[in-house]
Amino acid sequence: MPKYGEQNPQATLFLTPGPQPRREVIREAEHKASPRSFVYMEFAPKPPEIWVGREELLSVITFDWLDSETYVTGLVGFAGEGKSSIARRWVDELSDDQLTCDKPDGIFWWSFYNKNSTVDLFFEKALSYLGSDELNLDLLPSAHSRAEFLAGMLRARRYLFVLDGLERLQYLGGEDYGLLRSNDLAKFLEYFAAGGHQSFCLITSRARLTNLIPYRTYTQFEIDGLSEQDGYRLLKELGVKGDENELLQQVRTRWGHALALTLLANHLVKHHEGEEDGGLYHAGRVPPNNEKDNKSYLVQRVMEPYDRHLAEEERKFMRIFCLFRLPVSKSAIKPVFQVELSIAERLTDYYLLRYDPDNSCYTTHPLIREFYLRQLENQFQGKSFLTDDLPQLRYHKHESIQIQPIHRRIKDYYLSLAEEIPPTPSLDELSPVIEAIHHLCQAGDFDEASRVRLDSTSKGLSLIKEFRRLGAYETELILLQEFFPNNNISLEPQVSASTNELSILFEVGESLTNLGRMAEALPAFERFNQLALDSNSQESVIKGCLSLAKLYTYLGKLSDAEKAANEALALARKTENVLEDRASLIYLGLVAYLRGELAIAGQVFQRAQTLEPETYEGKPFLYGIQGVIYADYLRRLGDDSNIRQARFVIEANLRVGHQELDDRSRLYRVLGDLDAAVELHENAAKNYAEAIKIVRGITHWPALTGILSARGRWMAQGVQDVEAARSDLEEALDYAVTGGYRLYKADIYVGLAWADYVDNNFSQAQRNATQAMILSEEMGYFWGHQEAVEVISRIEHKVKK
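Since the model is a prediction, treat every value here as computed from it, not as a measurement. (Residues numbered from 1 in each chain as written. Predicted model: local features only at pLDDT ≥ 70, side-chain atom pairs only at ≥ 80, totals over all residues. Heavy atoms only, no water.)

*Asks:* Explanation requested: the sheet that holds strand β5 (residues 200–205) in the structure shown.
*Replies:* Strand pairing in a sheet relies on backbone hydrogen bonds, with the paired strands running either antiparallel or parallel. Taken in spatial order, the six strands make up an open sheet running β1-β3-β4-β5-β2-β6, and their pairing is parallel. Two strands lie at the open edges of the sheet, namely β1 (38–40) and β6 (218–222), each paired on one side alone. In this sheet, neighbouring strand axes are inclined to one another by 10° on average, regardless of whether the strands run parallel or antiparallel. The pairing of β1 with strand β3 (residues 106–111) spans three bridges and is parallel. Residue pairing in the sheet places Val39 in a bridge with Ile107 of β3. Together, β2 (72–76), β4 (159–164), β5 and β6 form the strand contacts of helix α2 (residues 55–66), whose direction differs from that of β5 by roughly 140°. Packing against the sheet, helix α4 (residues 119–130) makes contact with β1, β3 and β4, and its axis sits at approximately 165° to β3. (Pairing = 2+ DSSP bridges. Helix = DSSP H or I, 4+ residues; strand = E, 2+ residues; numbered from the N terminus. Axes fitted to C-alpha atoms, helices over the stretch in contact; angles between N-to-C directions. Contact = heavy atoms within 4.5 Å.)

The following block contains the structure:
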């Protein structure tokens, strides 16, 4: 990785065009962008009181800001090197009226250091600030739709985004190191890097930004320690006295680490009148040639003697403070800490806390937080602080504190704030409830946490319903993980009632499904099913089997899907559950139809329809997703009478209404397929567009993948718009590969083969069709195999001619 001032050499090797928001989204987003200028910098670090060095880096960032071919700049380095302070200093300099270069029309600073700072909350807040009063966030309920809309807004004016502490949303180990865990945030940053706008994004992170490496519009700089002379100047500016060579040695042994030097200086000034003689020893010398990973313990080395000089009440305050995930409001000090505000003020004077006067709250540096959290961990593990890793450090035993009662006090504080939540809250407004559940889980009160999750306040607010309304499945999943030991969802939720355990496991599976994480959703539903069996909850067993049947179908495991549906059917008949009997038959019919066993599928679907009590115009019809599956089967039969019956089922569903939105989007998709089959292309275009509009408004990857695949194949084969077809199909393929939807993947390869065929690229068409055929044979997917063979036959016929 280059030092600052040198562009990342990898970034010059690639020129990835990158995704662009859809034209209609761009038009709407530009229209809904606010004409006002704004500055949003909540929880940004205070401007540094003393500044030394880094002038070259600040100039480089300004150069990137002015460069029309640079859209994103990353500052990457070890924690405490001053990345956030550098970003804040640069923003302040850019905003200075004396600087003559272009100024941003809006500044949006977002810190991911707050532990509940999720992607969902980021999009909600960013859209609120960039949007005008006309923007209705309820019409953009999913992170996917918000990412695209926010990217469209970047074109409206010249905005500056600062994303601070992005490592919290990156993988920090393994093969995925540096990749973003959120596909929607990754997509937004790819939109940013793709250009076509005048905005600029500055990112700080401990990890390289792997998602952006392929873009030449992205530059990345390593933030290393201060130079010896700059480190020496910092110590002197902070009031340290002493021999220059000795102080330079201290800078060298601390690798010029900005936070470590600041804490060292403050320690000497507070406790040794700034004198280095003798004081440096007590402040902790760091051997210059220790093992390579000692830098990760640098601040802890400095903090240990620093902490020793705190009064016990100050030390206790810091340990309680670090139990909070959010900035701590002044109003929390007395009810939670049960001390006077003066202690927080003293700790701010010691540089251990930062005070934000605009929000009347306190924060601290992440490394200082880690130091005091480790104290608490070691208190309960009976270990000397850090001695397992660094035996030369001395441990000073401190008064232990009882963590559980403190978490409960914090919970009470947040629940008191939750009473002020409006009837239709935003995700930000739900923060008190989310934090209350977090602290209940931390206190070990999992049953009460589960109760609050289902009925959060005296107003009867249900987080499950609110998360679904907001499409905040990632936030929900993060919260649900708190119920598991070490946040490991492969273990058992820590609640006593099996009903609560089943509810949590099912919601985990649903969230993972909607986020496109099928490989993780599958074991969650399998465990849900096993627990339901162990609990003798027969309704839950059926529910679990049907969820497994659906997932196995997406994954192309048709035999497993058939087995799960048969288990659901047997139990539904044993319990005389007609509703689940019908649903089980539908999935059995689906498996038979996908295998090409049309006669069997027809018999099963007819049995299912006889169990349907709802009628339209006096005729029974299958409802919701069951109607979608049946209509798809009828469409595949191809003759006029079955096409008419399929259209009746879909139109009856649409007139009756009340379906889940993902099912409703699929209904319009089938209607588009029916129109395409009889070459009513104008109607097909409208119905596909409506399906896409609905599904982009929710977070539901399976439905979105299937609809994009269907419209892409129609555009290639039906209207021969190759460019539009590839746009849909390539987006769908990205979802299919990431989510593991092998059945859709085969359909998408068929669509790409048709696009290549229309474009006269026969060799590529042959490769895509062959890929679809191989996949379909592996799965036993009749239709994928048949359509792939048709494309190959067309290619061979064309080549012979």
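From this point, the narrative continues.
*Asks:* Help me understand the side chain of Asp356, please; the structure alone is not making it clear to me.
*Replies:* As for its placement among the helices and strands, Asp356 is situated in strand β8 (residues 354–356). Despite being buried, Asp356 has no salt bridge partner; Arg88 is the closest side chain of opposite charge, sitting 7.7 Å away. (Buried < 20%, exposed > 50% of the residue type's maximum accessible area, 1.4 Å probe, protein only. Lys, Arg positive; Asp, Glu negative; His and termini not counted. Salt bridge = Lys/Arg side-chain N within 4 Å of Asp/Glu carboxyl O.)

*Asks:* Explain the sheet that holds β8 to me, please; I cannot follow it from the model alone.
*Replies:* The strand order across the open sheet formed by three strands is β7-β9-β8, and the pairing between neighbours is antiparallel. What marks the edges here is a single partner per strand, and that holds for β7 (328–329) and β8.

*Asks:* Looking at this model, I keep getting lost on the nonpolar core. Mind explaining?
*Replies:* What tends to happen in soluble globular proteins is that the nonpolar side chains get buried as a cluster. With 225 residues, the main nonpolar core has Phe122, Phe161, Leu185, Phe188 and Leu352 as its most contacted residues. Counting residues per element, this core draws most heavily on helix α33 (residues 742–758), which supplies 11 residues. Setting aside anything within four residues of it in sequence, one finds Phe161 in contact with Phe108, Phe122, Ala126, Leu130, Leu150, Leu154, Phe188, Phe192, Phe200, Cys201 and Leu202. Counting residues in each nonpolar core, the second largest holds 23 residues, with Ala44, Val91, Ile107 and Phe200 among its members. (Core = buried A, V, L, I, M, F, W, Y, C linked by side-chain atoms within 4.5 Å.)

*Asks:* Got a minute to help me understand the pairing of β2 in this structure?
*Replies:* Strand residues, when the strand is regular, have side chains that alternate between the two faces of the sheet. Of all five residues that make up β2, five are buried, and the element is covered over most of its length. The alternating pattern of β2 places Val72, Gly74 and Val76 and Thr73 and Leu75 on opposite faces, both of which are buried. Here five bridges tie β2 to β5, and the two strands are oriented parallel to one another. Looking at the pairing, Val72 lines up with Cys201 of β5. Relative to β6, β2 is paired through five bridges, and the arrangement is parallel.

*Asks:* Explain helix α5 (residues 143–153) here, please?
*Replies:* Within α5, 11 of the 11 residues are buried, which leaves it mostly tucked inside the rest of the structure. Within the sequence span of α5, burial applies to Ala143, His144, Ser145, Arg146, Ala147, Glu148, Phe149, Leu150, Ala151, Gly152 and Met153.

*Asks:* How do you make sense of the packing of aromatic side chains when you look at a structure like this?
*Replies:* With the rule as written, the count across this model stands at 43 aromatic pairs. Consider the rings of Phe38 and Tyr129, whose centres lie 5.9 Å apart with planes at 55°: the pair is tilted. Taken together, the positions of Phe38 in strand β1 and Tyr129 in helix α4 put the pair 91 residues apart, joining distant regions of the chain. Judged by its relative accessible area of 9%, Phe38 falls in the buried class. Of the residues examined, Tyr129 reaches a relative accessible area of 27% and is grouped as partly exposed. Seen from their ring centres, Phe317 and Phe321 are 6.3 Å apart, and the 25° between their planes marks the pair as stacked. Taken together, the residues Phe317 and Phe321, both in helix α12 (residues 312–321) and four residues apart, mark about one turn of the helix. On the basis of relative accessible area, Phe321 is assigned to the buried category, the value being 1%. Through pairs of rings, three or more aromatic residues link up here, namely Phe38, Tyr40, Phe108, Trp110, Phe112, Phe122, Phe123, Tyr129, Tyr159, Phe161, Phe188 and Phe192. (Phe/Tyr/Trp six-rings, centres within 6.5 Å; stacked < 30°, edge-to-face > 60°.)

*Asks:* What is the right way to look at unusual backbone geometry in this model?
*Replies:* Backbone phi values are negative for most residues with the exception of glycine, while trans is the configuration of most peptide bonds. Of note, Glu576 is a non-glycine position whose phi angle comes to about 55°, a positive value. Relative to the elements of secondary structure, Glu576 occurs in the loop between α24 (558–574) and α25 (578–594). Take Glu576: its relative accessible area is 70%, and that puts it in the exposed class. Phi angles above zero are rare outside glycine, and Glu679 is one such case at about 60°. Following the sequence through the fold, Glu679 ends up in the loop between α29 (661–677) and α30 (681–696). Relative accessible area serves as the criterion here: at 60%, Glu679 is assigned to the exposed category.

Any functional reading would require information beyond the geometric quantities listed.
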